[in-house]
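Tertiary structure, described
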Amino acid sequence: MAPRPLIAGNWKMNGLLASEQELQKLIGGVAASDGSQREVLVCPPFTLLQAFAKRAAGSAVGIGAQDCHPNLSGAHTGDISAQMIKDVGGTSIIVGHSERRTDHGESSDLVKQKAKAAQDEGLTAIICVGETEAERDAGQAWSVVSDQVSKSLPSGSTASNTVIAYEPVWAIGTGRTPTIDDIAAMHDDLRTAMVGHLGDDGNSVRLLYGGSMKPGNATEILAVTNVNGGLVGGASLKAEDFLAIISAAS
Ligand code: 13P
């Protein structure tokens, strides 16, 4: 059976205290729709994590974070640990987003340590992978992505504590997306790789697509075999757009 879809919103460095109203609209919309088919997650910046988790408590919207430090605590100025995220009600952590791999030089080895930290706290690690446009043009999309997966996936990963998000770097925030055939091919290869890594459990790992997912293209993308949801940036900031994408997964 195909895994239950997950629609996750990555708010990136957006949102102020007043954005709780947008979350409230989302919670209301999700409650009003049929939730049996999918799971919904919002990952706000750290400054909003606790307020959002409190606001979403008891609702069908989960709250997650966008990064964590590999360690539980200690002398790491400016960092936030998986334990802290769990402490304020986070259930999932995005790790290895391409913006962190690029802006902060994060290696797959570091991403693996962060994913492990999340999993060790009982949280779900959403591990992001994806090729640049130059890599795709050079015919290296799969070799880059498979290498990122192998090096970022901690031992002890399971379908319950791990989600893989395929986000082609060139599709993020650009309005461009791969063709449906290219998405399907990548996700089929990812499925085979996950079965290779985890055995039969790899069939149940959720494989999200991310990169310019919008109400206008979500239905087609989410219908692809082995696409088990989306990781949505810009279109997750407005409840109305995010709800339209969520309903495309239902
Ligand atoms: P956009 O949906 O804004 O392209 O961002 C995708 C993304 O990076 C989600 O993590």
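Because the structure is a prediction, the values reported are computed rather than measured.

**Overview of the nonpolar core**
Leu-26, Val-42, Val-61, Ile-63, Ile-93 and Ile-164 are the most contacted members of the largest nonpolar core, which totals 59 residues. Counting 11 residues, the second largest nonpolar core, distinct from the first, contains Leu-6, Leu-41, Cys-128 and Leu-208.

**What about the pairing of strand 7 (residues 206-210)?**
Extensive coverage of strand 7 is indicated by the burial of five of its five residues. Across the two faces of strand 7 the burial is the same, with Arg-206, Leu-208 and Gly-210 and Leu-207 and Tyr-209 all buried. Handedness of the strand 6 (residues 162-166)-helix 8 (residues 180-198)-strand 7 crossover: right-handed. Here strand 7 pairs with strand 8 (residues 229-232) via two bridges, running parallel.

**Here we look at the environment of Glu-220**
Positionally, Glu-220 belongs in helix 9 (residues 215-222). What makes Glu-220 exposed here is its relative accessible area of 53%. For the pair Glu-220 and Ile-180, spaced 40 residues apart in the sequence, the C-alpha separation amounts to 7.7 Å.

**Focus on the site of the ligand**
Taken together, 13 residues form the shell around the ligand, and within it Lys-12, His-97, Gly-173, Ser-212 and Gly-234 come nearest. In the environment of the ligand, an oxygen atom lies 3.0 Å from a nitrogen or oxygen atom belonging to the side chain of Asn-10. Coverage of the ligand by the protein chains reaches 95% of its 310 Å² of free accessible surface. Taken atom by atom, the bulk of the ligand overlaps the second largest pocket. Taken together, the residues of the shell around the ligand sort by class into four nonpolar, seven polar and two charged.

**Observations regarding the packing of aromatic side chains**
Taken as a whole, this structure holds two aromatic pairs when the rule is applied. Seen in terms of ring centroids, Trp-11 and Phe-52 are 5.3 Å apart; in terms of plane orientation they differ by 85 degrees. Their pairing is edge-to-face. Of this pair, Trp-11 sits in the loop between strand 1 (6-10) and helix 1 (20-32) while Phe-52 sits in helix 2 (residues 46-56), placing them 41 residues apart in sequence.

**Description of the pattern of salt bridges**
Applying the stated rule across the entire model yields 14 salt bridges. Glu-131 is the salt-bridge partner of Arg-136, the closest N and O atoms lying 2.7 Å from each other. By relative accessible area, Arg-136 is classed as partly exposed at 22%. Given a relative accessible area of 0%, Glu-131 falls into the buried group. A salt bridge links Glu-133 to Arg-176; the shortest N-O distance between them is 2.5 Å. Here Glu-133, found in helix 6 (residues 133-137), pairs with Arg-176, found in the loop between strand 6 and helix 8; they are 43 residues apart in sequence, far enough to count as distant. Classification of Glu-133 as partly exposed rests on a relative accessible area of 34%.

Criteria and thresholds
Residues numbered from 1 in each chain as written. Predicted model: local features only at pLDDT ≥ 70, side-chain atom pairs only at ≥ 80, totals over all residues. Heavy atoms only, no water. Core = buried A, V, L, I, M, F, W, Y, C linked by side-chain atoms within 4.5 Å. Buried < 20%, exposed > 50% of the residue type's maximum accessible area, 1.4 Å probe, protein only. Helix = DSSP H or I, 4+ residues; strand = E, 2+ residues; numbered from the N terminus. Right-handed = clockwise from strand over helix to strand, strands pointing away. Pairing = 2+ DSSP bridges. Near = heavy atom within 4 Å. Polar contact = N/O pair within 3.5 Å; in protein donor to acceptor, adjacent residues only side chain to side chain. Areas by Shrake-Rupley, 256 points an atom, 1.4 Å probe, with all protein chains shown as cover. 1 Å grid on protein atoms, 1.4 Å probe; cavity = no way out; pocket = protein on both sides within 12 Å on 5 of 7 lines; lining within 4 Å. Sits in = over half its atoms within 2 Å of the grid points. Nonpolar A, V, L, I, M, F, W, Y, C, P; charged D, E, K, R; others polar. Phe/Tyr/Trp six-rings, centres within 6.5 Å; stacked < 30°, edge-to-face > 60°. Salt bridge = Lys/Arg side-chain N within 4 Å of Asp/Glu carboxyl O.

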